[in-house]
Each structure stands twice: as C-alpha cells, then as structure tokens.
Amino acid sequence: MKLLKKILLALLVILIAMQFYRPEKNNAETDLKTAFLTETNPSKEVQKILETSCYDCHSNTTAYPWYNNIAPVSYWLADHVKDGKKHLNFSEWEKYSIKKKDHKLDEVMETIESGEMPLNEYTWTHTEANLNSAQKQAVIEWVKNTRALYQLNLSQE
C-alpha cells in the first residue's frame, strides 16, 4: 500500500509540474493561407468547410479550446497539430511543388472519402467539423477540379 501511495504522489507531482511547462502553441502572427486560397479558388462553401474542419490541425494557426490549458491534454493537442501539419499545411502551400500539391489534394480526397478526416478525436468536441455527404461531395468536386488544373500544368512541363 505504501508503494501505491508513493506512485500516486509522484504522478500528482508530475501532473502539477506539467502545468508549468507547456508545449508551444501553433499561432503564427500572420495568416498565410491566402496563397492557398488564391491558387486553388475554393467556393465560399468549401472555404467554410476548410475553416471549420481542417485549418486547426493543417495550418500555422490553431484556435485552441479552453481545455488546451490543462496538461496532459495540451501535449496531446500539440502532438496532433504537429502531426497534421507534417502531412499537410495549407499555410505552406506556396512552398509545395505542383506535383506535391496534386498529391496532397489527392490525399485530401482519399481521407475524406474514407472518413479518416476530420479525425473523430477532433469532431467529438468540434461537432461543427463533422461533414455531411453534401459537404464531402463539395470538397471532393473542388479537389477534382483543382487537381485537373495541376495535372494540366504537369503535362505541359
């Protein structure tokens, strides 16, 4: 029993210490998604979908919920955002090659069609990020149209 108390006390101390050492937040000073929006020209509907379902994890600006101030949740969210940006970062769109842009949009379509995105962990607390079939179809059509332009550019190179 003494050992269990020591373990619980140690865990409590660690949890309290974690509150003072937080991961860096994903809040760029400027919003760099303009290049992405200008180049891919999504409709207002698709722009809204991207804002509510994608940008928090796939751009350099995240709107953090109140519970992000509590460790270990803050570490978990920071890891999700870091992983999301590693796969696709709309704020870094202009740095991607045309081939990479085409591939990233293909991945967007695949993950939406398969239901992988947005993540369940995200939609549990952001119910507005859940996509209905019409929203999924709007994004998929936008992706197909944009990819057609990229593929046309690739064939001319």
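Residues numbered from 1 in each chain as written. Predicted model: local features only at pLDDT ≥ 70, side-chain atom pairs only at ≥ 80, totals over all residues. Heavy atoms only, no water.

Another aspect to go through is the side chain of Lys-101. Here Lys-101 shows up in helix H6 (residues 98-114). Setting aside chain neighbours within four positions, we find Lys-101 in contact with Glu-39, Trp-93, Glu-94, Tyr-96 and Tyr-150. (Helix = DSSP H or I, 4+ residues; strand = E, 2+ residues; numbered from the N terminus. Contact = heavy atoms within 4.5 Å.)

How two aromatic rings sit relative to each other is set out by the distance from centre to centre and by the angle between their planes. Within the structure shown, the criterion is met by 8 aromatic pairs. Ring geometry for Tyr-55 against Phe-90: centres 5.5 Å apart, planes inclined by 70°, an arrangement best described as edge-to-face. Here Tyr-55, found in helix H4 (residues 55-58), pairs with Phe-90, found in the loop between helix H5 (73-87) and H6; they are 35 residues apart in sequence, far enough to count as distant. When its relative accessible area of 7% is taken as the criterion, Tyr-55 is described as buried. Residue Phe-90 is classed as buried on the basis of its relative accessible area of 2%. (Phe/Tyr/Trp six-rings, centres within 6.5 Å; stacked < 30°, edge-to-face > 60°. Buried < 20%, exposed > 50% of the residue type's maximum accessible area, 1.4 Å probe, protein only.)

Residues Met-1, Leu-3, Leu-4, Ile-7, Leu-8, Leu-11 and Ile-14 make up a contiguous nonpolar surface patch of roughly 760 Å² in combined accessible area. Relative to the elements of secondary structure, Leu-4 occurs in helix H1 (residues 2-18). (Patch = residues over 30% accessible without salt bridge, like charges linked within 9 Å, V, L, I, M, F, W, Y side chains within 5 Å. Areas by Shrake-Rupley, 256 points an atom, 1.4 Å probe, with all protein chains shown as cover. Salt bridge = Lys/Arg side-chain N within 4 Å of Asp/Glu carboxyl O.)

Enumeration according to the criterion identifies 6 salt bridges in this entry. Close ionic contact of Glu-39 with Lys-101 constitutes a salt bridge, the shortest N to O distance being 2.8 Å. In this pair, Glu-39 sits in helix H2 (residues 34-40) while Lys-101 sits in helix H6, placing the two residues 62 residues apart along the sequence. What makes Glu-39 partly exposed here is its relative accessible area of 36%. For Lys-101, a relative accessible area of 6% gives the class buried. A salt bridge links Lys-86 to Asp-83; the nearest nitrogen and oxygen atoms lie 3.4 Å apart. Here Lys-86 and its partner Asp-83 are both found in helix H5, 3 residues apart, which amounts to about one turn of the helix. By relative accessible area, which is 60% here, Lys-86 ends up exposed.

Scope: geometric values only; no functional claims are made or implied.
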